[in-house]
Amino acid sequence: MQQFADIVFLLAVFGLGLLGWSLLEYCLHRFLFHATPPSDSPFWISMHFILHGQHHKVPFDAGRLVFPPVAASLFVMFLLTLWHAILPAGISFCFVAGQIFGYVCYDLTHYYLHFGASESDSYFDRLRKYHVQHHFVQQNMGFGISSKLWDLPFGTVFIDSSSASRVDMKDS
């Protein structure tokens, strides 16, 4: 019975890691990637453009949708070190595994939103329309990419995403 309880506990920790990734995804996208760099700093303006501005300028560039693997690996090592300092080893590994799983789902979802062919009015079709609005209608709203979960409590959800047509992302 204890083994079952341990498995359930670790699955819950994994789920919390997944939820933690979704919050991190939202915060990075909203507060880092959409921050306004100082106008008197060519370095920070360039860094901002490299990190996210290029993606908004050319959203159909398949090479700009996924975080580079080396940078992603360094970020994962940072997260693992952080959580390992706070939590016991087994729990931190499980939590970070949930975050990594969330990151992979985010990357796959983001790529699919730009290049996939979702069925009309499916979850991914509605999410794609939502993401199109972020790119082309109002870039200071709709920061959730793999879901709208954090846009709701932070007040950045689009009320209606039906105005984004199927061709907006592909033909831009």
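The rules behind these values
Residues numbered from 1 in each chain as written. Predicted model: local features only at pLDDT ≥ 70, side-chain atom pairs only at ≥ 80, totals over all residues. Heavy atoms only, no water. Phe/Tyr/Trp six-rings, centres within 6.5 Å; stacked < 30°, edge-to-face > 60°. Helix = DSSP H or I, 4+ residues; strand = E, 2+ residues; numbered from the N terminus. Buried < 20%, exposed > 50% of the residue type's maximum accessible area, 1.4 Å probe, protein only. 1 Å grid on protein atoms, 1.4 Å probe; cavity = no way out; pocket = protein on both sides within 12 Å on 5 of 7 lines; lining within 4 Å. Points joined across faces, edges and corners; volume = space filled by probe spheres on them. Nonpolar A, V, L, I, M, F, W, Y, C, P; charged D, E, K, R; others polar. Salt bridge = Lys/Arg side-chain N within 4 Å of Asp/Glu carboxyl O. Polar contact = N/O pair within 3.5 Å; in protein donor to acceptor, adjacent residues only side chain to side chain. Expected span 1.5 Å × (residues − 1). Arc of directions from axis to C-beta. Contact = heavy atoms within 4.5 Å.

A. The arrangement of the packing of aromatic side chains in detail. Applying the stated criterion across every chain, the model contains 14 aromatic pairs. Between Y123 and F124 the ring centres are 5.3 Å apart and the planes differ by 75°, which places this aromatic pair in the edge-to-face class. Aromatic ring contacts, followed pair by pair, group Y26, F143, W150 and F154 into a single cluster.

B. Inspection of unusual backbone geometry at higher detail. One non-glycine residue, D121, lies in the positive phi region at around 65°. Along the polypeptide, D121 turns up in the loop between α4 (89-115) and α5 (123-136). On the basis of relative accessible area, D121 is assigned to the exposed category, the value being 53%.

C. Structural context of empty space enclosed by the protein. Applying the stated rule across the entire model yields one cavity of 30 Å³ or more. Each pocket or cavity is described by its volume, and for the largest cavity that value is around 40 Å³. Taken together, S22, E25, Y26, G144, S146, S147, W150 and D151 form the lining of the largest cavity. With three residues, helix α1 (residues 2-33) is the single largest residue contributor to the lining of the largest cavity. For the lining of the largest cavity, the per-class residue count stands at two nonpolar, four polar and two charged.

D. Main features of the pattern of salt bridges. Inspection of the entire model under this criterion finds three salt bridges. R128 serves as the salt-bridge partner of D125, at 3.2 Å between the closest nitrogen and oxygen. You can see D125 and its partner R128 sitting in helix α5, three residues apart, about one turn around the helix. Residue classification places R128 among the buried residues on the basis of a relative accessible area of 2%. Here D125 makes a salt bridge to K129, at a shortest N to O gap of 3.5 Å. Taken as a pair, D125 and K129 lie in helix α5 at a separation of four residues, close to a single helical turn. Taken as a pair, D125 and K129 share a single burial class, namely buried. Salt bridges here are not isolated pairs; linked through shared partners, they connect D125, R128 and K129.

E. Here's a closer look at the side chain of S118. Mapped onto the elements, S118 comes out in the loop between α4 and α5. Separated by 3.4 Å, the side chain of S118 and the backbone nitrogen of D125 make a polar contact.

F. Spatial organisation of helix α3 (residues 69-86). The first and last C-alpha atoms of α3 sit 26 Å apart over 18 residues, in line with the 26 Å expected at 1.5 Å per residue. Listed in full, the buried residues belonging to α3 are A72, L79 and L80. For α3, the buried positions fall inside an angular range of 100° around the axis, keeping them on one side. Residues of α3 that are exposed and angled more than 90 degrees away from the buried face: V70, L74, F78, T81 and A85. Residues of α3 that are buried in the fold lie against α1 and α4.

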